[in-house]
Amino acid sequence: ILYFQKNGISNGGLYKRPFNEHFEQAPMYVAVFTYLGFGVGTLFGYLRDFMRAWGLEKCHLATEREEQKDFVPLYQDFENFYTRNLYMRIRDNWNRPICSVPGPQFDLMERVTDDFNWTFRFTGRCIKDVINMGSYNYLGFAETDANALKTVADVLQRYGTGVCSTRQEMGNIDKHVELENLVARFLDVEAAMVFGMGFATNSMNIPALVGKGCLILSDELNHTSLVLGARLSGATIRVFKHNNMQSLEKLLRDAIAHGQPRSHRAWKKILILVEGIYSMEGSIVRLPEIVTLKKKYKAYLYLDEAHSIGAVGPTGRGVVEYFGMDPDDVDVLMGTFTKSFGAAGGYIAGKKELVDFLRTHSHSATYATSMCPPVAEQIIRAMKCVMGLDGTTQGLQRVCQLSENTRYFRQRLHEMGFIVYGNDDSPVVPLLLYMPGKIGAFARRMLDKNIGVVVVGFPATPIGESRARFCVSAAHTREMLDTVSGADVLMKLTSDGKGAGRSYKSGNEEVDGSYTS
Amino acid sequence: MDIKHAKDYLYWLYFQYLLITCCYVLEPWEQSMFHTIFITVFAMVVYTGYVFVPIHIHLAFEFFSQIFGGQHESTVAIMN
């Protein structure tokens, strides 16, 4: 069992607080059973494909037409095979329709399938008050309280919903200016710019910042928006191992020593792309070390704080505050308002020259519709609440409640012996399931107990490491967290881990013969 | 109460077997097919073990005791 824990002392005085991350490996028999399960699934997949090809079974999916059968096959690669034969069988655990606000509890529409997940139909009923462990609602701002949303309703009355123009033409509303000033004040930087969509912020602004002749060093587990932006820019992309500073330093040294591939000229710019919290692992970036490296080798740093803004740090200012660092050290601070502020959109913040450059050169500013006013007002009210400008301590209370909930939940899961990845302070909690059979069973059984979770398998994670990802929220009460971590689904299902006594006997308090279904 | 306990334990074992071998996601007829094949293979393994393992152990024991223990009983000359 490989269990390593770094306490930050190894780097001398760089880290002002302990940095505990866990990426425990599972026992060998778990890996064997995982591959066995995938083997059985693959064999039955071949059998079903054979039956479909020979007409013994009706094919519900897209296939080539008869005339096209002699051409290059379109649906034979592994991804299509996996979708047809493994994903379809457990498809009812994703894309579940919600019919209420995604707060700490929400309502789901009940869906049944008659033909093993090829088609669904709604029964018309609503499953009420399902505990929500999947929504990115870190500070609990996804709420429908009329008092809280009063300013948003006023703005809606005054401005309407549509902007009907791009930022550079007629879509620059005073709410945007107010919001940008507030964001700059929140992050303690010179200026900021907001965009209508978080994904588009990354994918449309990285091409504006780097181009051909530049080098991008990106973490191997970066989000698709960063990867897409990097590829669209046309720069050379090199990937370093996840959160591994030795790998990054080696790449930096090679880049500076050898220069561009054929001409050996110096690179125009070297940009390091990292995220604050990685949403599939729950790990926090090693910011002090990266800033040291950046200063030593004169590179630029682009920090995507999608999940960490509002969620970490003593007052919710993100990873920069969490490590006690100066925001001027990071060249481009990017974040989204989707996760902690209950709205939509993204921002880029930094020096005034940078933001002014983006106002003219960004694709998103030139061609994309700007953020709509009620959403901007929601962000303004949420940010004022977090900063304490509305006169109450509610924002600070929410941030403290979130960190307390995170610590409590992670500690509970660790005590029970489950393998949980990530840093102790990150509100994203991935619980490893490993075996393909458990992915579907876990989600369904949790829904039976009125808990909604998100399970993730291949291709979003490596094939042998499927997981269930919990997102802790400040709006969760301790009873809800107890219900979730104490659900005997966890006991019954995941009988692997550190072997901390998770046998049948230890989890049978709620046995009531309801398994004969 | 004990019978209920035992029944639930057996169901739990069956459920773990379904999860580990990824039978949980299969349709009922595929599950029956898998169970048949698995039980057949398992029965064959048990039968082979029952028939062959004791004889092999006995022979191995005799072989090693011949090397270390010296003479075999049937090679000792009968004294008259």
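None of these values were measured; they are calculated from a predicted model.

**Here we look at the sheet that holds strand E2 (residues 105-112) of chain A**
All names here are of chain A.
- Spatially, the three strands line up as an open sheet ordered E2-E3-E13, and their pairing is mixed. Both outer strands of the open sheet, E2 and strand E13 (451-452), are each paired with one neighbouring strand and no more.
- Along the sheet, helix H15 (residues 478-486) contacts E2, strand E3 (121-132) and E13; its crossing angle with E3, the most-contacted strand, is approximately 115 degrees.

**Points about the packing of aromatic side chains**
- In the structure shown here, the tally under the stated rule is 26 aromatic pairs over all chains.
- Between Phe50(A) and Trp54(A), the aromatic rings sit 6.1 Å apart at their centres with planes inclined by 40 degrees, giving tilted as the arrangement.
- Its relative accessible area of 65% is what places Trp54(A) among the exposed residues.
- A ring pair is formed by Tyr14(B) and Tyr17(B), whose centres lie 6.4 Å apart and whose planes are at 35 degrees; its orientation type is tilted. Here Tyr14(B) and its partner Tyr17(B) are both found in helix H1 (residues 2-20), three residues apart, which amounts to about one turn of the helix.
- The side chain of Arg478(A) reaches across the aromatic face of Tyr408(A), ending 3.9 Å from its centre.

**Here's the deal with the packing of helix H1 (residues 28-53) of chain A against helix H2 (residues 78-87) of chain A**
All names here are of chain A.
- One way to put it is that H1 packs onto H2 with a least axis distance of 9 Å and a crossing angle of 100 degrees. Taken together, the axes of H1 and H2 lie roughly perpendicular to each other. In this structure, H1 contributes Phe38, Gly41, Thr42, Gly45, Tyr46, Arg48, Asp49 and Arg52 to the contact, and H2 contributes Phe81, Tyr82, Arg84, Asn85 and Leu86.
- Tallied by class, residues from the contact of H1 with H2 come to five nonpolar, four polar and four charged.

**Quick word on the packing of H1(B) against helix H2 (residues 28-69) of chain B**
All names here are of chain B.
- Taken N-terminus to C-terminus, the directions of H1 and H2 make an angle of 100 degrees; their axes are 13 Å apart at the nearest point. As far as their axial angle goes, H2 and H1 are roughly perpendicular. Along the contact surface, H1 presents Tyr14, Tyr17 and Leu18, while H2 presents Gln31, Phe34, His35 and Phe38.
- Taken together, the residues of the contact of H1 with H2 sort by class into five nonpolar, two polar and no charged.

**Quick word on the confidence of the model for chain A**
- Per-residue confidence for chain A gives a mean pLDDT of 87, with 92% of residues at or over 70.
- The low-confidence segment residues 496-517 of chain A (pLDDT under 50) makes 46 contacts with residues lying over four places distant or belonging to another chain.

**A few points about the interface of chain A and chain B**
- With 29 residues of chain A in contact, the opposing surface of chain B contributes 21 residues.
- In this assembly, chain A packs against chain B so that about 2,500 Å² is buried in total across both faces, 69% of it on carbon and sulfur atoms.
- Linking chain A with chain B are three salt bridges, by the criterion used here.
- Inspection of the region where chain A meets chain B yields three residue pairs in polar contact (both at pLDDT 80 or more).
- When contributions to the side of chain A that touches chain B are tallied by element, the ones reaching two or more residues are H1, helix H14 (436-448) and helix H16 (488-493) of chain A.
- With eight residues, H1(A) is the largest single contributor of residues to the side of chain A that touches chain B.
- Of the residues contributing to the side of chain A that touches chain B, the split by class is 15 nonpolar, six polar and eight charged.

**So, the UniProt feature "domain: Aminotransferase class I/classII large" (unreviewed entry) in chain A**
- The sites that carry the UniProt feature "domain: Aminotransferase class I/classII large" (unreviewed entry) are, in the present numbering, residues 128-484 of chain A.
- Span residues 128-484 of chain A is 41% helix and 16% strand, its end C-alpha atoms 16 Å apart.

**Details of the environment of Gln378(A)**
Residue and element names in this part refer to chain A.
- Along the chain, the position of Gln378 falls in helix H12 (residues 373-387).
- Take Gln378: its relative accessible area is 7%, and that puts it in the buried class.
- Taking C-alpha positions, Gln378 is 6.5 Å from Ala343, a pair spaced 35 residues apart along the chain.
- Excluding its chain neighbours within four sequence positions, the residues that come into contact with Gln378 are Phe141, Leu149, Val152, Phe341, Gly342 and Ala343.
- Among the polar contacts listed, one links the side chain of Gln378 to the backbone oxygen of Gly342, at a separation of 3.5 Å.
- For Gln378, the side chain forms a polar contact with the side chain of Arg381, separated by 3.2 Å.

**Quick notes on the pairing of strand E12 (residues 428-432) of chain A**
Residues and elements named next belong to chain A.
- Most of E12 is tucked away: five of the five residues are buried.
- Taking every second residue as pointing to the same face, both faces of E12 are buried, with Val428, Pro430 and Leu432 on one and Val429 and Leu431 on the other.
- Where E12 lies against strand E15 (residues 467-471), five bridges are found, and the strand directions are antiparallel. In the sheet register, Val429 faces E15, and the bridge partner there is Phe470.

**What about the UniProt feature "transmembrane region" (unreviewed entry) in chain A?**
- As recorded in UniProt, the sites labelled "transmembrane region" (unreviewed entry) are residues 26-47 of chain A.
- Summarising residues 26-47 of chain A: 91% helix, 0% strand, and an end-to-end C-alpha distance of 31 Å.

**A few points about the UniProt feature "transmembrane region" (unreviewed entry) in chain B**
All names here are of chain B.
- Per the UniProt record, "transmembrane region" (unreviewed entry) is found at residues 9-27 and 33-53.
- A helix fraction of 63% and a strand fraction of 0% characterise residues 9-27, whose end C-alpha atoms lie 24 Å from each other.
- As a span, residues 33-53 carries 100% helix and 0% strand, and end to end its C-alpha atoms are 29 Å apart.

**Considering H12(A)**
- With 15 residues, H12(A) extends 21 Å between its outermost C-alpha atoms, agreeing within 8% with the 21 Å of an ideal straight helix rising 1.5 Å per residue.
- In terms of residue burial, H12(A) counts as a mostly covered element, since 13 of its 15 residues are buried.

**Examining the pattern of salt bridges**
Residues and elements named next belong to chain A.
- This structure, assessed with the given rule, holds 32 salt bridges over all chains.
- The partner of Arg121 in a salt bridge is Asp114, and the shortest N-O contact between them spans 3.1 Å.
- The exposure class of Arg121 is partly exposed, given its relative accessible area of 44%.
- The exposure class of Asp114 is exposed, given its relative accessible area of 57%.
- Glu377 is the partner of Lys175 in a salt bridge, and the nearest nitrogen-oxygen pair spans 3.0 Å. With a gap of 202 residues between them, Lys175 in helix H4 (residues 174-187) and Glu377 in helix H12 connect regions that are remote in the sequence.
- Among the residues examined, Glu377 registers a relative accessible area of 6% and is labelled buried.

**Concerning the side chain of Ser233(A)**
Residue and element names in this part refer to chain A.
- Counting through the fold element by element, Ser233 comes out in helix H6 (residues 224-233).
- From its side chain, Ser233 meets the backbone nitrogen of Ala235 in a polar contact 3.3 Å long.
- Every residue in contact with Ser233, bar those within four places of it in the chain, is listed here: Ile206, Pro207, Val210, Gly211, Lys212 and Ile216.

About the cut-offs
- Residues numbered from 1 in each chain as written.
- Chains lettered and ligands numbered in written order.
- Predicted model: local features only at pLDDT ≥ 70, side-chain atom pairs only at ≥ 80, totals over all residues.
- Heavy atoms only, no water.
- Pairing = 2+ DSSP bridges.
- Helix = DSSP H or I, 4+ residues; strand = E, 2+ residues; numbered from the N terminus.
- Contact = heavy atoms within 4.5 Å.
- Axes fitted to C-alpha atoms, helices over the stretch in contact; angles between N-to-C directions.
- Phe/Tyr/Trp six-rings, centres within 6.5 Å; stacked < 30°, edge-to-face > 60°.
- Buried < 20%, exposed > 50% of the residue type's maximum accessible area, 1.4 Å probe, protein only.
- Lys NZ or Arg CZ within 6 Å of the ring centre and 35° of its normal.
- Parallel < 35°, antiparallel > 145°, perpendicular 65-115°, else oblique.
- Nonpolar A, V, L, I, M, F, W, Y, C, P; charged D, E, K, R; others polar.
- pLDDT = per-residue confidence, 0-100.
- Buried area = accessible area lost by both parts, 1.4 Å probe.
- Salt bridge = Lys/Arg side-chain N within 4 Å of Asp/Glu carboxyl O.
- Polar contact = N/O pair within 3.5 Å; in protein donor to acceptor, adjacent residues only side chain to side chain.
- UniProt positions renumbered as here; feature names shortened; annotations may be inferred.
- Expected span 1.5 Å × (residues − 1).

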